[in-house]
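# Geometric and topological summary
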Amino acid sequence: MRIGHGYDVHKIDPGKEKLILGGVEIGCGFGLAAHSDGDVLLHAVTDALLGAAGMGDIGSLFPDTDMAYQGISSILLLAEALGRIRSSGWEIEYVDATLIAQRPKISPYIQKIRSSMARGMGIDKDRCNVKATTEEGLGFTGRGEGIAAHAVCLLIEKK
């Protein structure tokens with residue numbers, strides 16, 4: 001059994017029209033600055049999974065200097081990472097993630113995000129949890145300058 005933690009942050013980009021969180025498009029009039037689709041939540045989850053498996057991090061696997069990943073869906077990055085993780089004998093037992101954003105309000109999307117993430121990881125929805133919080137106006141997320149995410153996971157050895 002192994003535990004992993006992931007963290008990611010992206011700056012809000014008012015010039016981008018799509019905000020993607022957990023593989024779900026959130027209609028809010030802005031997106032996140034990133035080389036890929038900027039899905040801060042899936043980036044944190046992917047890092048947690050890779051960390052638990054001892055396979056580095058998302059940046060080493062999918063560097064932002066590689067044009068092959070320009071604008072790519074983070075669901076595809078997650079799938080590639082999971083293929084490697086599962087090939088090395090690990091399976092997801094549980095994932096728990098927290099989004100930190102002053103805006104937009106995430107709670108109306110939580111169940112859709114959970115379903116999307118569970119589907120993307122090939123696990124039951126009850127093995128994936130997502131929460132959201134603000135920072136009460138404090139820090140870069142509280143000022144609405146960016147969105148952050150933390151994720152933890154538990155991997156178990158395949159039998």
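Residues numbered from 1 in each chain as written. Predicted model: local features only at pLDDT ≥ 70, side-chain atom pairs only at ≥ 80, totals over all residues. Heavy atoms only, no water.

Turning our attention to the overall build of the chain. Counting its regular elements, the chain contains five helices and seven strands. Relative to the compact-globule value of 15 Å for 159 residues, the chain shows a C-alpha radius of gyration of 15 Å, a close match. The principal-axis extents of the C-alpha atoms in the chain amount to approximately 45 × 35 × 25 Å. A total of about 7600 Å² of accessible surface is found on the chain, and carbon and sulfur atoms cover 52% of it. Averaging the positions of the 17 positive and the 20 negative side-chain charges in the chain gives two centres separated by 5 Å. (Helix = DSSP H or I, 4+ residues; strand = E, 2+ residues; numbered from the N terminus. Rg over C-alpha atoms; globule rule 2.2 N^0.38 Å. Areas by Shrake-Rupley, 256 points an atom, 1.4 Å probe, with all protein chains shown as cover. Lys, Arg positive; Asp, Glu negative; His and termini not counted. Charge placed at Lys NZ, Arg CZ, Asp CG, Glu CD.)

What follows deals with the sheet that holds strand β5 (residues 90-100). The strands making up a sheet associate through hydrogen bonds between their backbones, and the pairing can be parallel or antiparallel. Here five strands make up an open sheet; going across it, the order is β4-β1-β7-β5-β6 and the pairing mixed. Every interior strand has two partners, whereas the edge strands, β4 (31-32) and β6 (128-133), have only one. Pairing between strand β1 (residues 2-13) and strand β7 (residues 146-157): ten bridges, direction antiparallel. When the bridges of β7 are listed, R2 appears paired with L155. Those strands touched by helix α3 (residues 74-87) are β5 and β7, and its axis lies near 145° from that of β5. Strand contacts of helix α4 (residues 110-121): β5 and β6, with the helix running at about 140° to β6, the strand carrying the most contacts. (Pairing = 2+ DSSP bridges. Contact = heavy atoms within 4.5 Å. Axes fitted to C-alpha atoms, helices over the stretch in contact; angles between N-to-C directions.)

Right, let's talk about α3 for a bit. With 14 residues, α3 should cover 20 Å at 1.5 Å per step; its first-to-last C-alpha distance of 20 Å lies within 8% of that length. Residues of α3 that are buried: S74, L77, L78, A81, L82 and I85. Down the axis of α3, the smallest arc covering the buried residues is 130°, so these residues share one side. Structural note: α3 exposes L76 and S87 on the side pointing more than 90 degrees away from its buried face. For α3, the side-chain oxygen to backbone nitrogen distance between the N-cap and I75 is 3.2 Å, and the N-cap itself is S73. (Expected span 1.5 Å × (residues − 1). Buried < 20%, exposed > 50% of the residue type's maximum accessible area, 1.4 Å probe, protein only. Arc of directions from axis to C-beta. Polar contact = N/O pair within 3.5 Å; in protein donor to acceptor, adjacent residues only side chain to side chain.)

With that settled, consider the packing of helix α1 (residues 40-52) against α3. α3 packs onto α1 with a crossing angle of 10° between their chain directions and a minimal axis gap of 10 Å. The angle between the axes of α1 and α3 places the two elements in the roughly parallel class. Counting all contacts with α1, which are made through L42, H43, T46, L49 and L50, the residues of α3 involved are S74, I75, L78, A81, L82 and I85. Of the residues assigned to the contact of α1 with α3, the class counts are eight nonpolar, three polar and no charged. (Parallel < 35°, antiparallel > 145°, perpendicular 65-115°, else oblique. Nonpolar A, V, L, I, M, F, W, Y, C, P; charged D, E, K, R; others polar.)

A few words on the pairing of β5. Bridge count for β5 against β7 is ten bridges, and the pairing is antiparallel. The residue bridging L99 from the neighbouring strand is A149, located in β7. Handedness of the crossover is the feature at issue here: the chain leaves β5, passes through α4, returns alongside β6, and the resulting connection is right-handed. (Right-handed = clockwise from strand over helix to strand, strands pointing away.)

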